[in-house]
Amino acid sequence: MLAVLATYGPIPYSAEEFARVARASEKLVSTVSNGRLNLHFEITPWLSAFPGAPGCGGVNNGSLDALVAPARSAAGIAGYNPDAFDQVMYALAQRCGFHGVTWGQQVMLAREPSVELLLHELGHTFGLGHAQGSTCALRCGTEDPGDPYTIMGTGRSLMDFSAYEKFLLGWIGPQPHASVSANYTLVPPTAASNRAQALVIDTDVGQWWIEYRVRPFRGLLVRFIDETQAAAPFAAPGVLILHPVRATRDWVSVTETFRAPGMFSLRLTRAQPGRASLRFQWLGARRPVTR
Ligand SMILES: [Zn+2]
């Protein structure tokens, strides 16, 4: 990824500071992708690219091309070839109502860099949408972004991507689908493994993704994916079910049972340091006819 630092005069932070955050981002990506993604930032010095503040507009037409054109040509004059990179991130010396925006393989940053901001926008360049949060799967409103356990949400509680997102990115392989009521074993999606790292439950209203975490808590995260909620060009958002069992937390602890009314129940029967045992039971009505 090429990071173009482009200004009309002010220098809001140093290129060294950007580089420090970029290096930390490279390291984290290597970890959370289970070694599947090798990210490298090339970073320009601050380039004088705009005669005045470029403004935050013109980013809702599906392209950043017009807005970042001066930064792009300034990079070219400085000896960088943006076309030679998979993604280009433009860090502009101005603040906007948003922290960053991504269209295709181009990103515009309007805030000082942070690891979560760089990786969140990187996720968008890979086609990930926002991870949302809701107290139920259907019709009770979503917070966007609202999932504190992934960088594509708020990332407040966990600097990682969800198993669903890792699957979309090819960082974990295809996962088992719960076709029958049975016991299942899961390992966390935090290291390369041939074992199940998520349980996928197909229902006629959408798909559920269950994953097991051992840090910073030990329990199951429950997410719901409704394909009809996908906003092109991004994949359908995962919606974390907030307070799935108790109002005080967002995960299912050992011996607790999560119920998706009319669909299924899921009990975490054992929660060991490296794996979880689950008892899954169809409740009937919402199970798809064929699978
Ligand atoms: Zn975003």
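Since this is a predicted model, take the numbers as computed values, not measurements.

**Student:** I would appreciate a short explanation of the sheet that holds strand β2 (residues 42–48) in the present structure.
**Tutor:** Within a sheet, adjacent strands bond to each other through the backbone by hydrogen bonds, running parallel or antiparallel. Strand order in the open sheet formed by five strands is β2-β1-β3-β5-β4, with mixed pairing between adjacent strands. A strand with exactly one partner marks an edge of an open sheet, and here the two such strands are β2 and β4 (100–103). The mean angle between the axes of side-by-side strands here comes to 15°, regardless of whether they run parallel or antiparallel. Taken together, the five bridges between strand β1 (residues 2–7) and strand β3 (residues 88–92) define a ladder with parallel strand orientation. Across the sheet, the residue bridging to V4 is Y90, located in β3. Along the sheet face, helix α3 (residues 115–125) touches β3, β4 and β5 (106–109) and points at about 20° away from the line of β4.

**Student:** In this structure, what is going on with the pairing of strand β13 (residues 264–271)? I would like to understand it.
**Tutor:** Residues in a regular strand point their side chains to alternate faces of the sheet. Looking at chain direction, strand β12 (residues 257–260) and β13 are connected through four bridges and run antiparallel. Each residue of the ladder has a partner; that of R259, found in β13, is S265. Linking two consecutive strands that pair antiparallel, namely β12 and β13, is a turn of three residues; a positive phi of about 75° is found at G262 within it. One ladder, built from seven bridges, connects β13 with strand β14 (residues 276–282); its direction is antiparallel. Note that in β14 the partner of A271 across the bridge is A276. Between β13 and β14, which pair antiparallel in sequence order, lie four residues.

**Student:** Explain the pairing of β3 here, please?
**Tutor:** Burial runs high along β3: five of the five residues are buried. Strand direction decides the pairing type here: β3 and β5, joined by four bridges, are parallel. Counterpart to V88 in the pairing with β5 is Q106.

**Student:** So what exactly am I meant to see when it comes to the nonpolar core here?
**Tutor:** As a rule of thumb, nonpolar side chains are buried together in soluble globular proteins. By size, the foremost hydrophobic cluster in this structure holds 33 residues, and its most contacted members are F18, F41, I43, M89, L109, L119 and F161. Elements supplying a minimum of two residues to this core: β1, α1 (15–32), β2, β3, β5 and α3. Looking at which element gives the most residues to this core, the answer is α1, with seven residues. Setting aside residues up to four positions removed in sequence, F41 forms contacts with M1, A3, F18, A22, R23, S25, E26, M89 and L118. Grouped together as the second largest cluster of nonpolar side chains are 26 residues, Y184, L199, I201 and I210 included.

**Student:** What's the story with unusual backbone geometry in this structure? I'm lost.
**Tutor:** Leave glycine aside and you will find that most residues have negative phi; peptide bonds, for their part, are mostly trans. That bond from R215 to P216 is cis: its omega, 0°, falls within 30 degrees of zero. By the element assignment, P216 lies in the loop between β9 (206–213) and β10 (219–225). Omega for the peptide link from A232 to P233 comes to 5°, which places this bond in the cis form. Position of P233 among the secondary structure elements: in the loop between β10 and β11 (238–241). If you check the backbone angles, N34 has positive phi at about 55° while not being a glycine.

**Student:** I tried to follow the side chain of D160 on my own but got confused; where do I start?
**Tutor:** Relative to the elements of secondary structure, D160 occurs in the loop between β6 (132–134) and α4 (163–168). Leaving out residues up to four positions away in the same chain, D160 has contacts with V32, Y149, T150, I151, K166, T190 and R213.

**Student:** Any chance you could explain the state of the cysteines here in plain terms?
**Tutor:** Here a disulfide denotes a covalent bond joining the sulfur atom of one cysteine to the sulfur atom of another. In total, this model carries two disulfides according to the counting rule given. C56 shares a disulfide with C96; S-S distance 1.9 Å. Classification of the bridge connecting C56 and C96 rests on its S-S torsion, roughly -85°, and on that basis the disulfide is left-handed. You can see C56 sitting in the loop between β2 and α2 (65–77) and its partner C96 sitting in the loop between β3 and β4, a full 40 residues away along the chain. For C96, a relative accessible area of 6% puts it in the buried group. Each sulfur in the disulfide pair C136 and C140 lies 2.0 Å from the other. Taken N- to C-terminal, the disulfide-bonded cysteines of the chain are connected 1-2, 3-4.

**Student:** Before we go on, may I ask you to explain the layout of surface pockets in this structure?
**Tutor:** The gaps of empty space that remain are located by a probe, the size of a water molecule, rolled over the atoms. By volume, the largest pocket is sized at about 500 Å³. If you go around the largest pocket, you meet 23 residues; those closest to its centre are H99, G100, H120, E121 and H130. Elements that contribute at least two residues to the lining of the largest pocket include exactly β4 and α3. Looking at the lining of the largest pocket, the element that brings in the most residues is α3, giving five residues. Considering only residue class, the lining of the largest pocket consists of 10 nonpolar, nine polar and four charged.

Reading guide: rules and limits
- Residues numbered from 1 in each chain as written.
- Predicted model: local features only at pLDDT ≥ 70, side-chain atom pairs only at ≥ 80, totals over all residues.
- Heavy atoms only, no water.
- Pairing = 2+ DSSP bridges.
- Helix = DSSP H or I, 4+ residues; strand = E, 2+ residues; numbered from the N terminus.
- Axes fitted to C-alpha atoms, helices over the stretch in contact; angles between N-to-C directions.
- Contact = heavy atoms within 4.5 Å.
- Buried < 20%, exposed > 50% of the residue type's maximum accessible area, 1.4 Å probe, protein only.
- Core = buried A, V, L, I, M, F, W, Y, C linked by side-chain atoms within 4.5 Å.
- Disulfide = S-S within 2.5 Å.
- 1 Å grid on protein atoms, 1.4 Å probe; cavity = no way out; pocket = protein on both sides within 12 Å on 5 of 7 lines; lining within 4 Å.
- Points joined across faces, edges and corners; volume = space filled by probe spheres on them.
- Nonpolar A, V, L, I, M, F, W, Y, C, P; charged D, E, K, R; others polar.

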